[in-house]
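What follows is the residue order along each chain.
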Amino acid sequence: MTGAGLPPVLNFVGLGHSHVVALAKGAYALEAKGAEVGGRAICGRFRYLYDADFTPPFADAARSRLNPAIEAALDDGAADFVLLSIGGNEHNVVSIRQPARRFDFILGEASDAPLDPKAEIVPEAAIRETLRDYMNENMRVLQAIRATCNLPMALVEPPPPLPRAQVLAYPKEFFRSQIDQRSMSSDLLRRKVWRVQVGMMRQACAALGVAYVETPSDMFGADGLLKASVCGQDATHANDAYGETMIELAARLMAAPAQGSG
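Worth saying up front: this structure is predicted, and the values here are computed from it rather than measured.

### Considerations on the overall build of the protein chain
Stage number 1. Counting its regular elements, the protein chain contains 8 helices and 8 strands.
Stage number 2. Radius of gyration (C-alpha) of the protein chain: 19 Å, near the 18 Å computed for a compact globule of 262 residues.
Stage number 3. Each principal axis of the C-alpha distribution contributes one length, and for the protein chain these read about 60 × 45 × 35 Å.
Stage number 4. Counting only residues that meet the buried cut, the protein chain has 49% of its 262 residues in that class.
Stage number 5. The long-range fraction of contacts in the protein chain, counting pairs at least 24 apart against all pairs at least 6 apart in sequence, stands at 75%.
Stage number 6. Summed over all atoms, the accessible surface of the protein chain reaches about 12500 Å², with 52% contributed by carbon and sulfur.
Stage number 7. Of the charged side chains in the protein chain, 26 are positive and 30 negative, and the gap between their average positions amounts to 5 Å.

### Points about a nonpolar patch on the surface
Stage number 1. Taken together, the side chains of Ile106, Leu115 and Ile121 make up a nonpolar region of the molecular surface, amounting to roughly 230 Å² of accessible area.
Stage number 2. For Ile106, the position within the fold is in the loop between strand 5 (103-105) and strand 6 (120-122).

### Considerations on the packing of helix 1 (residues 20-33) against helix 7 (residues 240-255)
Stage number 1. Direction vectors running N to C along helix 1 and helix 7 enclose 75°, while the axes themselves pass 7 Å from each other. One way to sum up the angle between helix 1 and helix 7 is to call them roughly perpendicular. Together, Ala22, Leu23, Lys25, Gly26, Ala27, Ala29, Leu30 and Lys33 of helix 1 and Asp240, Tyr242, Gly243, Glu244, Met246, Ile247 and Glu248 of helix 7 make up the contact between the two elements.
Stage number 2. Of the residues contributing to the contact of helix 1 with helix 7, the split by class is 8 nonpolar, 2 polar and 5 charged.

### Here's the deal with the nonpolar core
Stage number 1. With 39 residues, the main nonpolar core has Leu15, Leu84, Ile145 and Leu155 as its most contacted residues.
Stage number 2. Apart from the residues lying within four places of it in its own chain, the contact partners of Leu84 are Leu15, Leu142, Ile145, Met153, Ala154, Leu155 and Val156.
Stage number 3. Judged by nonpolar contacts, the second largest core, of 30 residues, contains Ala35, Phe46, Ala211 and Cys231.

### Examining the environment of Asp240
Stage number 1. Among the secondary structure elements, Asp240 is positioned in helix 7.
Stage number 2. C-alpha of Asp240 to C-alpha of Ala27: the two residues are 213 residues apart in sequence and 8.4 Å apart in space.
Stage number 3. With sequence-adjacent residues up to four places away left out, Asp240 is seen in contact with Ala22, Lys25 and Gly26.

### Description of helix 6 (residues 187-208)
Stage number 1. Compared with the 32 Å implied by 1.5 Å per residue over 22 residues, the 32 Å span of helix 6 between its first and last C-alpha is a close match.
Stage number 2. Those residues of helix 6 not exposed but buried are Leu189, Arg190, Lys192, Val193, Trp194, Val196, Gln197, Val198, Gly199, Met200, Met201 and Cys205.
Stage number 3. Among the structural elements, helix 3 (90-95), strand 5, helix 4 (124-148), strand 7 (153-156), helix 5 (164-169) and strand 8 (211-213) are those in contact with the buried residues of helix 6.

### What about the environment of Leu208?
Stage number 1. Of note, Leu208 is situated in helix 6.
Stage number 2. A sequence separation of 66 residues divides Leu208 from Leu142, and the C-alpha atoms of the two residues are 8.9 Å apart.

### With respect to the packing of aromatic side chains
Stage number 1. For the structure on display, the rule yields 5 aromatic pairs.
Stage number 2. Aromatic side chains Phe12 and Phe46 sit 5.6 Å apart centroid to centroid with 90° between the ring planes, which places their arrangement in the edge-to-face category. Here the residue Phe12 occupies a position in strand 1 (residues 9-16), and Phe46 occupies one in strand 3 (residues 40-48), the gap between them amounting to 34 residues. For the pair Phe12 and Phe46, a shared accessibility class is recorded, and that class is buried.

### Some words on the packing of helix 4 against helix 6
When two helices pack together, their arrangement is given by the angle between the helix axes and by the axis-to-axis distance.
Stage number 1. At their nearest, the axes of helix 4 and helix 6 sit 10 Å apart, and the two run at 35° to each other. As helix 4 packs across helix 6, the resulting crossing turns out to be right-handed. Across the interface between the two elements, Glu124, Ile127, Arg128, Leu131, Arg132, Met135, Met139, Leu142, Gln143 and Arg146 of helix 4 pack against Val193, Val196, Gln197, Met200, Met201, Ala204 and Leu208 of helix 6.
Stage number 2. For the contact of helix 4 with helix 6, the residue count by class is 11 nonpolar, 2 polar and 4 charged.

What counts and how
- Residues numbered from 1 in each chain as written.
- Predicted model: local features only at pLDDT ≥ 70, side-chain atom pairs only at ≥ 80, totals over all residues.
- Heavy atoms only, no water.
- Helix = DSSP H or I, 4+ residues; strand = E, 2+ residues; numbered from the N terminus.
- Rg over C-alpha atoms; globule rule 2.2 N^0.38 Å.
- Buried < 20%, exposed > 50% of the residue type's maximum accessible area, 1.4 Å probe, protein only.
- Contact = heavy atoms within 4.5 Å.
- Areas by Shrake-Rupley, 256 points an atom, 1.4 Å probe, with all protein chains shown as cover.
- Lys, Arg positive; Asp, Glu negative; His and termini not counted.
- Charge placed at Lys NZ, Arg CZ, Asp CG, Glu CD.
- Patch = residues over 30% accessible without salt bridge, like charges linked within 9 Å, V, L, I, M, F, W, Y side chains within 5 Å.
- Salt bridge = Lys/Arg side-chain N within 4 Å of Asp/Glu carboxyl O.
- Axes fitted to C-alpha atoms, helices over the stretch in contact; angles between N-to-C directions.
- Parallel < 35°, antiparallel > 145°, perpendicular 65-115°, else oblique.
- Nonpolar A, V, L, I, M, F, W, Y, C, P; charged D, E, K, R; others polar.
- Core = buried A, V, L, I, M, F, W, Y, C linked by side-chain atoms within 4.5 Å.
- Expected span 1.5 Å × (residues − 1).
- Phe/Tyr/Trp six-rings, centres within 6.5 Å; stacked < 30°, edge-to-face > 60°.
- Left-handed = near helix turned anticlockwise from the far one by under 90°.

The following block contains the structure:
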């Protein structure tokens, strides 16, 4: 036991979609280094929710019960908390590529940001509702996980958009065989759409009693996008160095006395 009377290991179960891969790699790297939080070793076990055993995420058409494999992953008697990385790429789907009729919007939290003079200005609410449509299934999964498991939970914020050069280096995710860079949205627009999405995720977590792990300032470049040194090997994901940082933040948050007291 630690000096505070706690077990020597901080155990958690990680579940999520594509962004969970970087988190898992980061967690395993921390474990290999013998990293500790509050004198407790970090130990995570991860489940990738796109694996065949976990799809579809619900056991019935009414979506009233989770896939039993997900329930079994949550039923871990050794875990102190659950770490989630649910969805998170919806902002990229909405914002990376512009339709024939370009769009832009005024972000309420940064209303003085410049606008694209050639774009149709749409309400922020329209962006929010478009995102909500894409996020709907994953938010249902988040709600079902919270309803199924009584352990403390934290959701890790998806990383901000990657730099333009990184996106264009891996075009097949969002563009056809020939890239027309004119159809790609500005960095500012992509960041604004990400801000709308993470605001929605933060609100959902608050309503469900799920802790929310924000991206720290040192993960951003000067352009407000994910800094190059923590970008992954594609157009939308971060790497294991990013994962290490976010796992440490999540572990510190969940090891705090307020979390431990439930």
